[in-house]
Amino acid sequence: MLDRPTGLHEDELSAALLEGWAVRVEASEYLPVGAGSYHWSVRDRNGVVRFVKVDDLGAGDAVPAQVFDDLRRSLRTASALHRDLGLDFVVAPVPATDGTVLRRLASRYALSVFPLVDGVSGDFGPHRSEDLAELVSRLADLHRATPAVAHLVPRAELRLPGRVGLHEALRDLDRRWDGGPYAEPARELLVRRQEQVQRWLADFDALIGVVRESTPDWVVTHGEPHPGNVLRTSRGLRLIDWTTVQLAPPERDLWMLTSAFTSMIGADPVGADDAVLAGYAEAAGRDLTPAGIALYRRWWALADVAAFVGDLRGPHGDGGDAAAALTYLTGYLETTTG
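Thresholds, definitions, all that
Residues numbered from 1 in each chain as written. Predicted model: local features only at pLDDT ≥ 70, side-chain atom pairs only at ≥ 80, totals over all residues. Heavy atoms only, no water. Helix = DSSP H or I, 4+ residues; strand = E, 2+ residues; numbered from the N terminus. Expected span 1.5 Å × (residues − 1). Contact = heavy atoms within 4.5 Å. Buried < 20%, exposed > 50% of the residue type's maximum accessible area, 1.4 Å probe, protein only. Core = buried A, V, L, I, M, F, W, Y, C linked by side-chain atoms within 4.5 Å. Pairing = 2+ DSSP bridges. Axes fitted to C-alpha atoms, helices over the stretch in contact; angles between N-to-C directions. Polar contact = N/O pair within 3.5 Å; in protein donor to acceptor, adjacent residues only side chain to side chain. Salt bridge = Lys/Arg side-chain N within 4 Å of Asp/Glu carboxyl O. Phe/Tyr/Trp six-rings, centres within 6.5 Å; stacked < 30°, edge-to-face > 60°.

Draft legend 1. Inspection of helix α1 (residues 10-21) at higher detail. Taking 1.5 Å as the rise per residue, α1 with twelve residues should run 16 Å; its terminal C-alpha atoms sit 16 Å apart, in good agreement. In this structure, the buried residues of α1 make contact with β1 (25-31), β2 (37-44), β3 (49-56), β4 (103-105) and β5 (109-115).

Right, here's the structure in full:
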């Protein structure tokens, strides 16, 4: 996120870290990275540096109490995977002094703290071919851990977040949008591409039906294992950002290692689909389905389109996040194939 969270001051963040984690902040740096959450690097008076994450509980059509509960369950799952099951590739949250992994910050936000791991992350894009085999193995290990943590994990709902708002926007294309400087360009783009969006929604609904019938056994999934959430360290690959953990079809993770992902973002394919699918089948003891891969490709694009349209149709300023939202929306609707 390029813009800082609205209505949240750094002294409130420092006070929450002191109260929850007994961290006395010596210095903090806002990190304009990632999407959907806000991040800081925080150094305490002992020189220990931590990665601090703030999530907005009221984005889109979300219910804050439900979002908070799902986030807490996801982070508790990550803690159990790391602490109880010994999955070292899980970069789990640092518990607060009372043992909790997530705390409310003001009325709108939630706060979590993570260790700062020495490693190099990738960029949002295709995985390096040399990382794929290890990453497939890590994800298979994660999925096999499902019986031990299934009682903790929030279950995915096979529905599109922001769909109500997207349908409202599609019905509201005949009048000028005045939410901010990027509202009209977003409306004009959606006018040109509305049939494409409607086709994607129909495809999504058809795929949901197939996946419900063909994937009886769901697994614990990370949800966003793209290169930006993978750290290359001296001890191998480690996965960060476990706020999206859900019980879901395994394709929710594996599609990002295939050409379904690279084609969606307009990148050259790595050409390793067969090796990824075969490697996962051998390691996990189960096959992936084409419908599941296709569903999550469609889900990701539509969820982003719905979120960007909601942001740009609603009140916004001329900050970097709004400008980026229009850029990304344009990328999805004018360059994404299929």
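Moving on from the model shown.
Draft legend 2. Examining the environment of V90 more closely. The topology assignment puts V90 in the loop between α2 (64-83) and β4. On the basis of relative accessible area, V90 is assigned to the buried category, the value being 0%. As for V90 and D311, which are separated by 221 residues in sequence, their C-alpha atoms are 32 Å apart. Contact partners of V90, with chain neighbours within four places excluded, come to A78, L81, H82, L239 and W242.

Draft legend 3. Looking closely at the environment of A186. Tracing the backbone shows A186 in helix α6 (residues 183-214). On the basis of relative accessible area, A186 is assigned to the buried category, the value being 1%. Along the chain, A186 and S234 lie 48 residues apart, while their C-alpha atoms are 44 Å from each other. The residues contacting A186, other than those within four sequence positions of it, are W177, L312, L326 and L329.

Draft legend 4. How the structure looks around the nonpolar core. L190, W242, W255, L257 and L329 are the most contacted members of the largest nonpolar core, which has 76 residues in total. One finds A16, W21, A96 and L105 within the second-largest nonpolar core, a separate group that totals 17 residues.

Draft legend 5. Looking closely at the sheet that holds strand β6 (residues 120-121). What the three strands build is an open sheet, ordered β6-β8-β9; its pairing is antiparallel. Here the strands that pair on one side only, and so sit at the sheet edges, are β6 and β9 (236-239). When β6 meets strand β8 (residues 230-233), the two strands line up antiparallel, connected through two bridges. Paired with S121 across the two strands is L231, which belongs to β8. Against the sheet, helix α3 (residues 132-144) engages β8 and β9, with an angle of about 50 degrees to β9.

Draft legend 6. Representation of the pairing of β2. The buried fraction of β2 amounts to seven of the eight residues, a majority that puts the element mostly inside the structure. By the bridge criterion, seven bridges tie β2 to β3 in an arrangement that is antiparallel. Counted as the bridge partner of Y38 is V54 from β3. Linkage of β2 to β3, two consecutive antiparallel strands, is achieved through a turn of four residues, within which G47 is found at a positive phi near 85 degrees.

Draft legend 7. Layout of the side chain of T243. Take T243: it is sitting in the loop between β9 and β10 (246-248). Side-chain polar atoms of T243 contact the side chain of D241, separated by 2.8 Å.

Draft legend 8. Just the pattern of salt bridges, in detail. For the structure on display, the rule yields 23 salt bridges. Notably, a salt bridge pairs E157 with R159, separated by 2.7 Å at the nearest N-O pair. For E157, a relative accessible area of 54% gives the class exposed. Of the residues examined, R159 reaches a relative accessible area of 47% and is grouped as partly exposed. Beyond isolated ion pairs, a larger network of salt bridges with shared partners links R128, E130, D131 and R232.

Draft legend 9. Fine view of the packing of aromatic side chains. Counting across every chain of the model gives eight aromatic pairs. Residues F124 and W300 carry aromatic rings whose centres are separated by 6.1 Å and whose planes lie at 20 degrees to one another, so their mutual orientation is stacked. On the criterion of sequence distance, the pair formed by F124 in the loop between β6 and α3 and W300 in helix α10 (residues 290-313) is long-range, its members being 176 residues apart. Judged by its relative accessible area of 10%, W300 is buried. Members of the aromatic cluster, connected to one another through ring pairs, are F124, W255, F261 and W300.

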